[in-house]
Amino acid sequence: MKYITTVLFMILFPNIACCHAIISYDISPLQTLDPPLIQIVISLTISSPGKVIELDMPKWCPGDYQLQNFGQYVEGFHAEGPNGELLNVIHPDSYSWDVNPEDYSRIKIYYLIPNEPPGNFSQNVQIENHLIYINGPGALLYLPDYRYKKTILHVHPPGGFSVITALRKVSDTPDSYYASGYDALSDAPLLITSRLKQYHFTANGTTYTLVFFDHLNELNDGERWVDVFRKIAVTENRMMGGPASSVYHFLIDVGGVNGGLEHADSCRVVYFPGLTVQEYAPFIAHELLHSWNVKRIRPVALAPIHYIHPVTTRSLWFVEGVTEYFAQLTVRRAGLESRDYFLQYWRNIVGKYLNNPARKLVTADESSADVWKTQTSDGYGGLSYYTEGELVALCLDLEIRHATDNHSTLATVMRLLKKRYSAPLAGYTQLDIENAVNDAAGENLSPLFQSLTASTQTMPLMKELGYMGLNIRFENLEDTTHAQRELMRSWSEVLSNP
Ligand SMILES: [Zn+2]
C-alpha cells in the first residue's frame, strides 16, 4: 500500500448446485435506501451436522496495519433454515456470531453493511448512487471452519451497472465468480458502477485491465496511461521472472480519497487527472510489485493471515521499503523518467533519512514490529519503514552487486525468495531474507544485514554509493574505475523494449 501526495429490496437466491460450492455469498446493493446498505446472504451447506457455526468479521485489512473493527458495522444479523425457520444466534464478541444450525443441512445467514469510513489506503465500503466499492475485509464475514472451501460469489447489480472483480467468472452465469476460499474472496475487491472506462493490454501472457471509475468527467487522458502501465508490467515481469498472475486489474479511482492498496490480482489506486508520468508511474509500479512482494512472497506471520489479532512482523521494511525501491528502479528502467529525476529522488530520500532523528532511536525491525502502536501504517517511533527500507534495499543491492561483479543483485534475492517461499509454500522469516542475501552475494553479508535492520547505526551510504562512483549527493567522484562506471550504468540503465 502507499499514500499518494497531491487525494427496493430484492434478494435473489440462485441455484448454486451447478457450481458444487458449499458456501456462497450473494451481494445486493440497496443504494436507493436512506441510509444506503448492502445486503449480504451467505448460503451454507453444513459439513458437520449439528455443530455450531462460527462467523467472524475481520478487525483489520491486510496491508493496513491498524485496527478498524469491521464487526461494528454489521446490522440485522440473523440466520434461517431452508424454509425460513429462524435459528438461534449468540453474539459473544463485537466481531463474532455463533449460529446453531440445529439438524438442517443447509442454512442462510443474512446481514446488512452500511457505508464505512475509509482506511489509511483504501475505501472499505462506499455506497453511492452511481458507485459501490467493497473491500472484502470491511464487508465479508468469514467462517473459520469453511475458510478454505471453494466459494461462489453472486452479485446482483442494479440495472445499467457493471461488476468488476479479478475473480474468475462462472461461465454462463451472469455476475457470478469463483474463489478458492475466503482469503481469495476477500482479497478481490468488488466494484459495481455505472461510470467506468476500461482499457486492456497483454504482456507476458497476462491480461491487464485499467478500470477508471467515479469522476470520469475530469478524465480526458485515460488512454495515455495504457503504454505507461504496460512498460511497468513488462519491466517488473522481466525482473521477477514472469507475471504473478494471469489476470490483473488496476482499479483507478479518479479523484478519490487515500492512496493505494494492493490485492493478489488487483489494486485500488487513486488518480488525479493531470499527474505527470514521473509523478504517477512509481505509484503504479509500487502496487503492481506487491502482487509478488507480500501477496505471494510474504512474511510467515501473514501466512495465513489472522484477521482478528494484529500480526507482528519485523519485515515491513522489506514488504514496503523494498517494494518502493524496486518501483523507483522500474520506472527508470522502463524509460519513464529521466536520469536527473531519478537521481534527484534518491538525493531527497537520503536527505530525509539523514535529517530524521528517529533513525538514531528506532531500528527498521522495531519500526515494523511496533507499527500497531500507531494508527499510521507507516512505521513506529517516527521512523518510516518505507524510507528506511528503501535505503536498506539500496545498500544491500549495491553490496551484492559489488561482491559479485554485478552478476547478482537484490532482484536475485527476490527471485530466490519467490522460489523458496512463494504461496502456497510457507512464508519467510527475517533470517530467510538474510540467508537469501548471503546466497545471492556468495559471501557472508550478515553483519551488514544486521547493522541495517537491527541497529541504529548510520547506514554506510558513502561506502555503498562509492561502489558505483558516486558521493552521498549522488554526484560523480573523480577518477572512477571501469567497474564503478559499469555498476552505475547497470543500476540506472534504461532497458531496451520495456
Ligand atoms: Zn505498499
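Residues numbered from 1 in each chain as written. Predicted model: local features only at pLDDT ≥ 70, side-chain atom pairs only at ≥ 80, totals over all residues. Heavy atoms only, no water.

J.: Is there a simple way to think about the packing of aromatic side chains in this case?
T.: The relation between two aromatic rings is expressed through the spacing of the ring centres and the mutual angle of the planes. Counted under the stated rule, the structure contains 30 aromatic pairs. Both rings, one in tyrosine 199 and one in phenylalanine 212, keep their centres 6.0 Å apart while their planes meet at 85 degrees; by these two values the pair is edge-to-face. Within this pair, whereas tyrosine 199 is found in strand β15 (residues 196-203), its partner phenylalanine 212 is found in strand β16 (residues 206-214), the two being separated by 13 residues in sequence. Judged by relative accessible area, which is 16%, tyrosine 199 ranks as buried. Overall, the relative accessible area of 1% leaves phenylalanine 212 in the buried class. Aromatic pair tryptophan 225 and tyrosine 280: ring centres 5.1 Å apart, planes at 75 degrees, arrangement edge-to-face. Within this pair, whereas tryptophan 225 is found in helix α2 (residues 224-240), its partner tyrosine 280 is found in helix α3 (residues 277-289), the two being separated by 55 residues in sequence. Accessibility classification places tryptophan 225 together with tyrosine 280 in one group, the buried group. (Phe/Tyr/Trp six-rings, centres within 6.5 Å; stacked < 30°, edge-to-face > 60°. Helix = DSSP H or I, 4+ residues; strand = E, 2+ residues; numbered from the N terminus. Buried < 20%, exposed > 50% of the residue type's maximum accessible area, 1.4 Å probe, protein only.)

J.: What should I look at first to understand the pairing of strand β14 (residues 190-193) in this one?
T.: The side chains of a regular strand alternate between both faces of the sheet. Across the two faces of β14 the burial is the same, with Leu190 and Ile192 and Leu191 and Thr193 all buried. Alignment of strand β9 (residues 131-134) against β14, held across four bridges, turns out to be antiparallel. Each residue of the ladder has a partner; that of leucine 131, found in β14, is threonine 193. Examined bridge by bridge, strand β11 (residues 162-164) and β14 share three bridges and lie antiparallel to one another. The partner of serine 162 across the bridge, within β14, is threonine 193. (Pairing = 2+ DSSP bridges.)

J.: Please clarify how helix α7 (residues 385-403) should be interpreted in this entry.
T.: Spacing of three or four residues puts side chains on the same side of an α-helix, whose turn is 3.6 residues. If you check α7, its first and last C-alpha atoms are 26 Å apart, about what 19 residues at 1.5 Å a residue would give, namely 27 Å. Among the 19 residues in α7, 17 count as buried, and that is most of the element. Of the residues flanking the start of α7, the one acting as N-cap is serine 384, its side-chain oxygen 3.0 Å from the backbone nitrogen of tyrosine 386. After α7 finishes, the residue aspartate 405 shows a positive phi value of roughly 50 degrees. (Expected span 1.5 Å × (residues − 1). Polar contact = N/O pair within 3.5 Å; in protein donor to acceptor, adjacent residues only side chain to side chain.)

J.: I keep staring at the packing of helix α5 (residues 339-354) against α7 and nothing clicks. Help me out?
T.: When two helices pack together, their arrangement is captured by the angle between the axes and the distance separating the axes. For the pair α5 and α7, the least separation of the axes is 10 Å and the interaxial angle reads 115 degrees. Where α5 crosses over α7, the handedness of that crossing is left-handed. Between α5 and α7, the residues in contact are Tyr345, Trp346, Ile349, Val350, Lys352 and Tyr353 and Thr387, Glu388, Glu390 and Leu391, respectively. Per-class residue counts for the contact of α5 with α7 are six nonpolar, one polar and three charged. (Axes fitted to C-alpha atoms, helices over the stretch in contact; angles between N-to-C directions. Left-handed = near helix turned anticlockwise from the far one by under 90°. Contact = heavy atoms within 4.5 Å. Nonpolar A, V, L, I, M, F, W, Y, C, P; charged D, E, K, R; others polar.)

J.: Any chance you could explain the sheet that holds β16 here in plain terms?
T.: Backbone-to-backbone hydrogen bonds pair the strands of a sheet. The strands run either parallel or antiparallel. If you trace the five strands from one edge of the open sheet to the other, you get β15-β16-β17-β19-β18, paired in mixed fashion. One side of each edge strand has no neighbouring strand; the edge strands of this open sheet are β15 and β18 (260-262). Averaged over neighbouring strand pairs, the angle between their axes works out to 15 degrees when direction is ignored. In this sheet, strand β19 (residues 266-271) lies alongside β18 in antiparallel orientation, the contact comprising three bridges. Following the sheet pairing, glutamate 262 is matched in β19 by cysteine 267. Contacts from α3 reach β16, β17 (247-254), β18 and β19 within the one sheet, and its direction differs from that of β19 by about 160 degrees.

J.: Help me understand the side chain of glutamine 66, please; the structure alone is not making it clear to me.
T.: Along the polypeptide, glutamine 66 turns up in the loop between β3 (53-56) and β4 (75-80). For glutamine 66, a relative accessible area of 10% gives the class buried. Among residues more than four places away in sequence, those in contact with glutamine 66 are Lys59, Trp60, Gly119, Asn120, Trp372, Gln375 and Ser377.

J.: Got a minute to help me understand the nonpolar core in this structure?
T.: What tends to happen in soluble globular proteins is that the nonpolar side chains get buried as a cluster. Residues Tyr25, Ile40, Ile42, Tyr111, Phe326 and Trp491 are the most contacted members of the largest nonpolar core, which totals 117 residues. A per-element tally of this core places α7 first, with ten residues. Apart from residues no more than four positions distant in its own chain, tryptophan 491 is found in contact with Tyr325, Leu329, Arg333, Phe342, Leu343, Trp346, Leu394, Asp397, Leu398, Arg401, Met468 and Phe474. Phe201, Cys267, Tyr271 and Ile284 belong to the second largest nonpolar core, which has 34 residues in total. (Core = buried A, V, L, I, M, F, W, Y, C linked by side-chain atoms within 4.5 Å.)

J.: Help me out: how do you make sense of α3 in this one?
T.: The terminal C-alpha atoms of α3 lie 17 Å apart, and with 13 residues this matches the ideal 18 Å at 1.5 Å per residue to within 8%. Every buried residue belonging to α3 is among Tyr280, Ala281, Pro282, Phe283, Ile284, Ala285, His286, Glu287, Leu288 and Leu289, and all of these are buried.

J.: Would you take a moment to explain empty space enclosed by the protein for this structure?
T.: In this approach, a probe sized like a water molecule rolls over the atoms, and the result shows the empty space that is left. Of the voids in this model, the largest cavity is the one considered here, and its volume is about 60 Å³. Lining the largest cavity, in full, are Ile27, Ile134, Gly136, Leu140, Leu153, Leu167, Leu185, Ala188, Pro189 and Leu190. Considering only residue class, the lining of the largest cavity consists of nine nonpolar, one polar and no charged. (1 Å grid on protein atoms, 1.4 Å probe; cavity = no way out; pocket = protein on both sides within 12 Å on 5 of 7 lines; lining within 4 Å. Points joined across faces, edges and corners; volume = space filled by probe spheres on them.)

J.: Would you take a moment to explain unusual backbone geometry for this structure?
T.: Phi is mostly negative for residues that are not glycine, and the peptide bonds are mostly trans. For the bond running from alanine 303 to proline 304, omega is 0 degrees, close enough to zero to count as cis. Relative to the elements of secondary structure, proline 304 occurs in the loop between α3 and α4 (316-333). Between alanine 423 and the following residue, proline 424, the backbone shows a cis peptide bond with an omega angle of 15 degrees. Positioned with a positive phi, phenylalanine 474 is a non-glycine residue whose angle comes to about 60 degrees. Tracing the backbone shows phenylalanine 474 in the loop between α11 (461-466) and α12 (482-492).

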